[in-house]
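What follows is each chain in one-letter form.
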Amino acid sequence: MSATQTTIITYLGTPIFGICLSIAVFLLGQWLFKISHGFFLFQPLFVGMVLGIFILWLMAKAFGVDVTWFYTNAYKPGGDLLFWFLNPATIAFAVPLYKRNDIVKRFWLEIILSLVVGLFISLYLIYLIAKLFGIDNTGIASLLPQAATTAIAMPISGAIGGNPAVTAMACILNAVIIYALATFLIKIFRLKEPIGQGLGLGTAGHAVGSAKAIQLGSVPGAMASIAFVLISIVVDLVVPTFANLLGIMH
Amino acid sequence: MADKSNDTQAEKKDAPILIQMGIFAAILFVSSLISPWLAAVLPKFPVPTPVIGLIILYLLLTLHIVKLEWVDKFATFMIGFIAFLFVPSGVQLTASLDIMKAQGLQLVTVIIISTVILLVVIAYTTSLFIWIKKNVFHGDVTVHE
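Residues numbered from 1 in each chain as written. Chains lettered and ligands numbered in written order. Predicted model: local features only at pLDDT ≥ 70, side-chain atom pairs only at ≥ 80, totals over all residues. Heavy atoms only, no water.

Topic: helix α2 (residues 15-35) of chain A
Count 3.6 residues to each turn of an α-helix, and residues three or four apart come out pointing the same way. Across its 21 residues, α2 of chain A extends 31 Å between first and last C-alpha, which sits within 8% of the 30 Å expected from 1.5 Å per residue. In this fold, the buried residues of α2 of chain A make contact with α1 (3-12), α3 (44-63) and α4 (67-84) of chain A together with α5 (82-85) and α6 (87-91) of chain B. Downstream of α2 of chain A by a residue or two, H37 of chain A has a phi angle that is positive, lying close to 55°. (Helix = DSSP H or I, 4+ residues; strand = E, 2+ residues; numbered from the N terminus. Expected span 1.5 Å × (residues − 1). Contact = heavy atoms within 4.5 Å.)

Side note on the interface of chain A and chain B
Reports of interface size often rely on the accessible area that becomes lost once the parts have come together. The interface is formed by 102 residues belonging to chain A together with 78 residues belonging to chain B. Linking chain A with chain B are two salt bridges, by the criterion used here. A salt bridge links D72 of chain B to K99 of chain A; the nearest nitrogen and oxygen atoms lie 3.0 Å apart. Here chain A and chain B share eight residue pairs in polar contact (both at pLDDT 80 or more) between them. Looking at which element gives the most residues to the side of chain A that touches chain B, the answer is helix α7 (residues 101-132) of chain A, with 18 residues. (Salt bridge = Lys/Arg side-chain N within 4 Å of Asp/Glu carboxyl O. Polar contact = N/O pair within 3.5 Å; in protein donor to acceptor, adjacent residues only side chain to side chain.)

Focus on helix α2 (residues 17-41) of chain B
Between its first and last C-alpha atoms α2 of chain B spans 36 Å; for 25 residues at 1.5 Å apiece the expected length is 36 Å, and the two agree. On its buried face, α2 of chain B is in contact with α4 and α5 (86-91) of chain A together with α3 (49-62) and α4 (68-80) of chain B.

Looking at unusual backbone geometry
The residue H37 of chain A is not glycine, and still its phi comes out positive at about 55°. Checked against the element boundaries, H37 of chain A lands in the loop between α2 and α3. In this structure, H64 of chain B is a non-glycine residue whose phi angle is positive, near 60°.

Points about the pattern of salt bridges
Residues and elements named next belong to chain A. Taken as a whole, this structure holds four salt bridges over all chains when the rule is applied. Residue K76 pairs with D80 through a salt bridge whose shortest N-O separation is 3.0 Å. Taken together, the residues span about one helical turn, with K76 and D80 both in helix α4 at a distance of four residues.

Thoughts on the nonpolar core
With 127 residues, the main nonpolar core has F70, L119 and M223 of chain A together with L57 of chain B as its most contacted residues. Here this core takes 16 residues from helix α12 (residues 218-246) of chain A, the largest share from any one element. Split by domain, this core shows at least three residues from each of two domains, domain 1 (9-81) and domain 2 (93-145) of chain B. Setting aside residues no more than four positions away along its own chain, L119 of chain A makes contact with S114, A147, I231, V234, V235 and V238 of chain A together with L118 and I122 of chain B. (Core = buried A, V, L, I, M, F, W, Y, C linked by side-chain atoms within 4.5 Å. Buried < 20%, exposed > 50% of the residue type's maximum accessible area, 1.4 Å probe, protein only. Domains from an automatic or database assignment.)

Notes on the environment of T68 of chain A
Along the chain, T68 of chain A falls in helix α4. Once the C-alpha coordinates of T68 of chain A and S218 of chain A are considered, the two residues, 150 residues apart in sequence, prove to be 45 Å apart. Beyond its immediate sequence surroundings of up to four residues, T68 of chain A is in contact with T94 and A95 of chain B.

Here is the structure:
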């Protein structure tokens, strides 16, 4: 290990650097989002991701060390600490689901059938398109779990031979695209059924999709929260089976 | 009727935040015990620990073992800043910059198309099942705002 690397570990090796950098880039994202009146590319999480990567890359270049090494030793200790809190945050989605138990109880069969059948069709189309673009099996395995929320999609991606980092990027981009195009897509594809709008937005856009669906009405809003929670469980059951069937999983 | 019971629950006092955190911690601990056990029994189906926790909390709420006011405040707080918690997941792409150099453009293109596919296919599939419920089984499909 070089002297620079030892110095970096001494000064930046504690979790606080990663925590401070994460807070800083996210706050900057929130500020940009606010002053640009909600420009879709300035969503705080997207800005945070791009800026965080850029700053780490720049610092690694400035210190003359490998980018992956710098990420693992300087950012990851703090990043992992924050990441852990996604565990209780994911469990917390049981609460909005319970609050709309009335709709869950009336439409549970239609909701589950739609999510399972819709997901199977979507997975097959995603698989075909990925093949068409010449993406390898690791890439395909990383893209299949993207309908689930990031915290759940990442371990599934790892388990079926994908790259969890690519999966996380896919989930974040889903939200960016839905935020930008939801209204336009609903119009050109004539998605009029409120329950369908909600389930589609919650699946394709995760938490951001749910927020978008609430703007359309309380039924799409409630349905999106339900989809956002249930699709993760459906993905958990369907995606490994699907990957097995296509022989992507090693 | 369901709304009424929710209203009365909302009027009840929230449990102290440390108790709410304790409930979450206990559920997470039990889930972390179940998760490796499930992995051994069903090796082909990865069930992440938080999914097990989500199901446990939902069941506890539905069976009225845990009351809404015991977990509501902490849950709302956690959901409120979930976007921030995803920053490290996005930033971890730093360690995979070579994949992005090799296949980044294709991956991003397929992700954009996938998002549209998920939205449209799920929405149409739902319309079909709602249509079947209404026209084949003559079920009530009206929903109230």
